[in-house]
Amino acid sequence: MPSHSVLLVEDSEFLTEHVSKTLREEHGFEVDAVATAAATRTALATGDFDCVVSSYELPDETGIELACSLSEERVPFVLFTGNSLEPLVDEALAAGVSAFISKSTHATGEMNVFANRIRLAIRAGT
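Residues numbered from 1 in each chain as written. Predicted model: local features only at pLDDT ≥ 70, side-chain atom pairs only at ≥ 80, totals over all residues. Heavy atoms only, no water.

*Asks:* A description of the overall build of the protein should follow, citing residues and the corresponding values.
*Replies:* Regarding its fold elements, the protein presents six helices and five strands. The linear arrangement of helices and strands in the protein, starting from the amino end, is β-α-β-α-β-α-β-α-β-α-α. By the compact-globule yardstick of 14 Å for 126 residues, the protein fits well, its C-alpha radius of gyration being 13 Å. Considered along the principal axes of its C-alpha atoms, the protein spans approximately 30 × 30 × 30 Å. Counting all 126 residues of the protein, 47% fall into the buried class. Each charge class in the protein can be summarised by its mean position, and for the 8 positive and 20 negative side chains these summaries are 7 Å apart. (Helix = DSSP H or I, 4+ residues; strand = E, 2+ residues; numbered from the N terminus. Rg over C-alpha atoms; globule rule 2.2 N^0.38 Å. Buried < 20%, exposed > 50% of the residue type's maximum accessible area, 1.4 Å probe, protein only. Lys, Arg positive; Asp, Glu negative; His and termini not counted. Charge placed at Lys NZ, Arg CZ, Asp CG, Glu CD.)

Right under this line is the structure:
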């Protein structure tokens, strides 16, 4: 199975380390990580990624604002949030978010779900 390249946008060092390591070691993804929306734009301008997985709460803007600003990039965008998803769905879909993943997924050992949502978003975006 070919490796997919993911840009993880998360400002928590713990989550970045845990999620990156698990996606690399257990699911074969190539993972680069940044902590801000601004760093995301720089990474996308200089690198080639199959998918962006972004936290909802970033230091410089929300993940939905980031998704909206990246709509011309044509890269699948997965929102990774600890917030309730229900109030975010309509706004997120309008902004171009491909899929949603709960931050509780990493804590409950459901990283297979996490990885599969990323793969599905990539497959749907191609």
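*Asks:* With reference to specific residues and values, describe helix H2 (residues 37-46).
*Replies:* Among the residues of H2, Ala 37, Thr 40, Ala 43 and Leu 44 are the ones counted as buried. The buried residues of H2 occupy one face: seen down the axis, they fall within an arc of 115°. Set apart from the buried face of H2 by more than 90 degrees, the exposed residues are Ala 45 and Thr 46. (Arc of directions from axis to C-beta.)

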